[in-house]
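Coordinate inspection notes
The primary structure of each chain is shown beneath.
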Amino acid sequence: MSSFYKNQLRTYLAATLADMTTGVVMNGLSGQGASINWGNALLNGLQTGTNFVAYPISVDLLAKNSKAYKELQKEFEDPKKSTFLVKSKVYVINALATSALITTVNYPLSKVQEMFQNKKPSAKPTELVNFYVNGVLPNIGYPVVANSLSAKIPESKNSLKNYLRATYINVAASFGGTVFNLPVSVLRDHASPIGTIKGFR
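Residues numbered from 1 in each chain as written. Predicted model: local features only at pLDDT ≥ 70, side-chain atom pairs only at ≥ 80, totals over all residues. Heavy atoms only, no water.

**Here we look at the overall build of the protein chain**
Worth spelling out the cut-off: Labels follow the DSSP assignment, with helices taken as runs of H or I lasting at least four residues and strands as runs of E lasting at least two, numbered in each case from the N terminus. Each residue is placed in one exposure class: buried if its accessible area under a 1.4 Å probe, protein chains only, is under 20% of its type's maximum, exposed if it is over 50%, and partly exposed if it falls in between. In summary, the charge assignment counts Lys and Arg as positive and Asp and Glu as negative, without counting His or the chain termini. By convention, the charge on Lys lies at NZ, on Arg at CZ, on Asp at CG and on Glu at CD.
Helix and strand content of the protein chain: nine helices and zero strands. Counting from the amino terminus, helix and strand elements in the protein chain follow one another as α-α-α-α-α-α-α-α-α. When its C-alpha atoms are laid out on the principal axes, the protein chain stretches across 60 × 45 × 45 Å. In the protein chain, which comprises 201 residues, the proportion classed as buried is 31%. Charge centroids of the protein chain, computed over 21 positive and 10 negative side chains, lie 3 Å from each other.

**Quick word on the environment of Lys74**
Here Lys74 is to be found in helix H3 (residues 67-77). Taking the C-alpha atoms as reference, Lys74 lies 22 Å from Val53; in sequence the two are 21 residues apart.

**Things to note about unusual backbone geometry**
Glycine aside, negative phi is the norm for most residues, and most peptide bonds take the trans geometry. Not every positive phi belongs to a glycine, and His190 is a case in point at roughly 55°. Within the fold, His190 resides in the loop between helix H8 (182-187) and helix H9 (193-198). Note on His190: relative accessible area 67%, which makes it exposed.

**Overview of the packing of helix H4 (residues 84-116) against helix H6 (residues 138-152)**
How we decide: Axis definition: a line fit to C-alpha positions, over the contact stretch in the case of helices; interaxial angles, taken between N-to-C directions, run 0 to 180 degrees. Should an angle lie under 35 degrees it is considered roughly parallel, over 145 roughly antiparallel, and from 65 to 115 roughly perpendicular; all remaining angles are considered oblique. Two helices crossing with the near one rotated counterclockwise from the far one by less than a right angle form a left-handed crossing, whereas a clockwise rotation gives a right-handed crossing. In what follows, residue pairs with any heavy atoms lying within 4.5 Å of each other are defined as contacts. Polar here means any residue other than Ala, Val, Leu, Ile, Met, Phe, Trp, Tyr, Cys and Pro, which are nonpolar, and Asp, Glu, Lys and Arg, which are charged; Gly is therefore polar.
Between H4 and H6, whose axes approach to 8 Å, the crossing angle comes to 130°. Here H4 is positioned oblique relative to H6, judged by the angle of their axes. As for the relative orientation of H4 and H6, their crossing is right-handed in sense. Taken together, the residues of H6 that come into contact with H4 (itself represented by Tyr91, Val92, Ala95, Thr98 and Ile102) are Asn139, Ile140, Pro143, Val144 and Asn147. Classifying every residue of the contact of H4 with H6 gives seven nonpolar, three polar and no charged.

**Looking at the environment of Asp189**
Stated precisely, the cut-off is as follows: Whenever two N or O atoms come within 3.5 Å, that pair is a polar contact, provided that in protein one can donate a hydrogen and the other can accept it, and provided that, for residues adjacent in sequence, both atoms are side-chain atoms.
On the secondary structure map, Asp189 appears in the loop between H8 and H9. A polar atom in the side chain of Asp189 sits 2.8 Å from the side chain of Arg188.

**Some thoughts on the nonpolar core**
Here is the rule we go by: Here, the term nonpolar core denotes a set of buried Ala, Val, Leu, Ile, Met, Phe, Trp, Tyr and Cys residues that are joined through side-chain atoms within 4.5 Å.
The biggest cluster of nonpolar side chains holds twelve residues, and these are Tyr55, Val59, Leu62, Ala63, Tyr69, Leu72, Val86, Val90, Tyr91, Ala95, Val136 and Ile140. At the level of secondary structure, the elements contributing two or more residues to this core comprise helix H2 (38-65), H3 and H4. In this view, Ala63 contacts Tyr69, Lys70 and Gln73; residues no more than four positions away in its chain are not counted.

**Points about a nonpolar patch on the surface**
Heads up, the rule is: The patch calculation keeps residues exceeding 30% relative accessible area without a salt bridge and links them within 9 Å when they carry like charges or within 5 Å when they are nonpolar (Val, Leu, Ile, Met, Phe, Trp, Tyr). Each accessible area value is a Shrake-Rupley result obtained with a 1.4 Å probe; residue values ignore everything except the protein chains displayed when judging cover. We define a salt bridge as a contact between a side-chain nitrogen of Lys or Arg and a carboxyl oxygen of Asp or Glu at a distance within 4 Å.
Taken together, the side chains of Phe175, Val179, Phe180 and Ile197 make up a nonpolar region of the molecular surface, amounting to roughly 280 Å² of accessible area. Here the nonpolar patch gets three residues from one element, more than from any other, and that element is helix H7 (residues 159-180). Following the sequence through the fold, Phe175 ends up in helix H7. Judged by its relative accessible area of 32%, Phe175 falls in the partly exposed class.

**Notes on H2**
Rule in force here: The length a helix should cover is 1.5 Å for every residue beyond the first. Bend, in this description, refers to the angle at a residue between axes fitted to the seven residues ending there and the seven starting there.
The first and last C-alpha atoms of H2 sit 38 Å apart over 28 residues, in line with the 40 Å expected at 1.5 Å per residue. Within H2, the axis deviates most sharply at Ala54, by approximately 45°, and proline Pro56 lies no more than four positions further along.

**Considerations on the pattern of salt bridges**
In total, this model carries five salt bridges according to the counting rule given. Measuring nitrogen to oxygen at the nearest pair gives 2.8 Å for the salt bridge that ties Asp189 to Arg188. In this structure, a network of salt bridges that share partners links the residues Lys111, Glu114 and Glu127.

**As for the side chain of Gln73**
Relative to the helices and strands, Gln73 is located in helix H3. You can call Gln73 buried: its relative accessible area is 17%. Ignoring any residue separated from it by four or fewer positions in sequence, one finds Gln73 in contact with Val59 and Ala63.

**Comments concerning the confidence of the model for the protein chain**
Rule in force here: Residue-level confidence of the predictor, termed pLDDT, takes values from 0 up to 100.
Scored by pLDDT, the protein chain has a mean of 91; 96% of the residues are at 70 or more. The weakest mean pLDDT in the protein chain belongs to H9 at 84; the strongest belongs to H3 at 96.

Shown next as structure tokens:
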């Protein structure tokens, strides 16, 4: 296994455990005394882990398996050639591939999770399509904002400042993903734009 995939595996496991821990803590803080559904907590954590690593893994797979994409990526990384059109192509391709990976892994997990929630699993084509669509625009918004802020906010030699920088970029980029996904939220889900933004967390 390459160092890249070892790092992604560590990130996946850390995100999975962090999500499970958060779920357990929140369950305790609720004060309702409800027993923890460990199967549900694990499946929820695994899906969170997938969301954390899907983008870099998708980019890596595209670069290794597509010469055209690799050339496009070189243009994207070259300040002189990285035009708006080039950036748009890269972000869209990355998002489509990322959402495909997330759907491939997380959709089956979500069906198993329904069983742990005492629900009757049902797999419908429209549901699968919606699951895929849910991952496209957020995976454009997040990297657009993250890359923009990363270029404008320099790294520091101070570890605390770097931690605060990374946290700020992550929160801002997550909000960017929510904003980019507003067309889907409003047109398909009939959600209020203001309500969606207020509900960001």
